[in-house]
Amino acid sequence: MEFRFVNSDGRKEMPFEPIEPGKVGIYCCGPTVYNYAHIGNLRPYTIQDVLVRALKYGGFEVNHVVNITDVGHLTSDGDDGEDKMIKAAREKGMSVWDIAIFFTKAFYNDIDRLNIQRPSRFSKATEHIEDMISMVKTLEDKGFTYQAGGNVYFDTSQFKDYGKMANLDMDALKHGARVAVDNNKKNPGDFVLWFTESKFGKQAMTWDSPWGVGYPGWHIECSAMSTKYLGPHFDIHCGGVDHIPVHHTNEIAQSEAANGCKWVNYWLHNEFIIMKSGKMSKSKGNFLTLQSLIDEGYEPLDYRYFLLGAHYRSQLIFSWESMGAAKSARKSLIRKIQNLGVTNSSDVGLSDEGKIWLEQFENHISQDLNTPRCLADIYGILKYPSLDNREKVYLIFKMDEILGLDLERSIEALEVEDSLPMDDEITKLIQERYEARNNKNFAQADEIRDKLLKQGIRLVDSPEGTRWEKI
Ligand code: AMP
Ligand code: ZN
């Protein structure tokens, strides 16, 4: 497979050539764990999962690193705003450390439920403070920093290509409104590498450093951890488009200044999920989580299907109607595969036509991860008359190695669901049991309960009446 990606650095599609043949290093900016991930945040991790699965399918050995920002950073991506972790800790009456542990676990749970494979490494910012300090020291030795107001700043005027990927207009920045934000900054784009002075009183998470007790600026963690685990120059860096102008711009400047070489070859940025009512925001509290979709009766994989239905570089509008459409489409897809009646397709040899379908799918995924086309390929195969059923199932499961819809297990789950009695049948049996108990016919009442139990339905009695649940 020959991969091509649209590289945000240069804004054009280009063939993918790894630095080291057969190997790929990928770094993805991970979550800031001061709240649940919202459904928008889960888009980058889902698409990165497809990317990693596709590269592995294509024969690459992938080293995939995702950071966990468990040290406070500010409610704005610039150096202004309130510290997100402290705000959350105050609101929930927990320590910042406990907040971080709690929401890191919640994040792992979300990605597991979305069938996202765990990366080679999750690296926590709090476990890499020494690496960050060491990078800031290197930057200091090379003359890229200055100290002001107790903090260490990166001096963007010393870095020739500052803002190149984002196409930032430095003159406009200089004369723009941001100049007044922090009087300590020499240039408007400058950013803090190490804080000793917090605008928000005493920080709960602080460490000793050559510049005094304090804590790292947000951007330095990604540069320090990616360099540690992927080397000073690696293949692919991912994240949402919001990170281009500030976070990734600053990551590039400090990494290339410290390491003295090009840092990343390919930048893949996903567009946003937006609500019909506008932008979702964790810091403003108006957002949906995976759990809120589950509470509305959706399965996590319905959301994965919803995401795969759009190209990652297009904005995607979330609505309950489109979520409902994704749910029915996924169920009908599983039903169609189930109806092929194939129990084992592992040893199928591909016909020439089967090979053409697979090649077409591989082309679609390798051309900048065109997941909507890949889904269309699956439907194409299902409708195609001259492939036999076993070959169809073989092809679809093979494609699912990349799409990660977990189709094989979903079919099994549907079979279990099919074997369960319908809701109105259960209600009828509950009523019969109620009447049997009223007539003191306990043997019949128990018989009904046991019959349902065998079908995977448990009855729960309470003063409010009897309800049922699936086991
Ligand atoms: P955060 O936890 O805020 O640092 O965000 C985690 C990831 O989600 C980053 O890669 C962001 O760029 C991305 N992101 C944030 N909001 C959205 C959204 N509404 N749609 C898609 N990606 C988003
Ligand atoms: Zn980052």
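Residues numbered from 1 in each chain as written. Chains lettered and ligands numbered in written order. Predicted model: local features only at pLDDT ≥ 70, side-chain atom pairs only at ≥ 80, totals over all residues. Heavy atoms only, no water.

Let's talk about the domain arrangement of the chain
One can read the domain layout of the chain as domain 1 (4–270), domain 2 (275–419) and domain 3 (424–470). Averaged C-alpha coordinates put domain 2 and domain 3 at centres separated by 37 Å. (Domains from an automatic or database assignment.)

Some remarks on the pattern of salt bridges
Per the counting criterion, the structure on display carries 19 salt bridges. One salt bridge connects arginine 390 with aspartate 347, and the closest N-O pair in it is separated by 2.7 Å. Note that arginine 390 is positioned in helix H13 (residues 389–403) and aspartate 347 in the loop between helix H10 (320–339) and helix H11 (352–366), a separation of 43 residues in sequence. Aspartate 347 gets classed as exposed once you look at its relative accessible area, which sits at 57%. As a salt-bridge pair, arginine 409 and aspartate 406 come within 3.0 Å of each other at their nearest N and O atoms. According to the relative accessible area criterion, arginine 409 is exposed, its value standing at 54%. Each of the salt bridges in this network shares a partner with another, and the network as a whole consists of Asp49, Arg53 and Arg304. (Salt bridge = Lys/Arg side-chain N within 4 Å of Asp/Glu carboxyl O. Helix = DSSP H or I, 4+ residues; strand = E, 2+ residues; numbered from the N terminus. Buried < 20%, exposed > 50% of the residue type's maximum accessible area, 1.4 Å probe, protein only.)

Focus: the sheet that holds strand S7 (residues 151–154)
Overall, antiparallel pairing links the 4 strands, which are arranged S6-S7-S8-S9 in an open sheet. Of all strands in the sheet, those with a lone pairing partner are strand S6 (145–148) and strand S9 (215–216), marking the two edges. Strand direction decides the pairing type here: strand S8 (residues 191–195) and S9, joined by 2 bridges, are antiparallel. If you follow phenylalanine 195 over to S9, its bridge partner there is tyrosine 215. (Pairing = 2+ DSSP bridges.)

Focus on the layout of surface pockets
Rolled over the atoms, a probe with the dimensions of a water molecule shows which regions are left empty. A volume near 340 Å³ is recorded for the second largest pocket. Around the second largest pocket, the lining comprises 17 residues; the ones closest to its centre are Glu299, Leu301, Arg330, Ser410 and Ala413. Elements with a contribution of two residues or more to the lining of the second largest pocket: helix H3 (96–113), helix H9 (300–308), H10 and helix H14 (407–419). At 5 residues, the largest contribution of residues to the lining of the second largest pocket is made by H14. When the residues that make up the lining of the second largest pocket are grouped by side-chain class, the tally is 5 nonpolar, 2 polar and 10 charged. Both of domain 1 (4–270) and domain 2 (275–419) provide at least three residues apiece to the lining of the second largest pocket. (1 Å grid on protein atoms, 1.4 Å probe; cavity = no way out; pocket = protein on both sides within 12 Å on 5 of 7 lines; lining within 4 Å. Points joined across faces, edges and corners; volume = space filled by probe spheres on them. Nonpolar A, V, L, I, M, F, W, Y, C, P; charged D, E, K, R; others polar.)

Looking at the coordination of the zinc ion (ligand 2)
For the zinc ion (ligand 2), every protein donor is listed as Cys29 (SG), Cys222 (SG), His247 (NE2) and Glu251 (OE), and the spread of their distances is 2.0 to 2.2 Å. Coordination at the zinc ion (ligand 2) comes from 4 donor atoms whose angles at the metal span 77 to 130°, giving a geometry best classed as irregular. (Donors = N, O, S within 2.8 Å, 3.2 Å for Na, K, Ca; no water. Tetrahedral: all angles 85-135°; square planar, octahedral: opposite > 155°, others 65-115°.)

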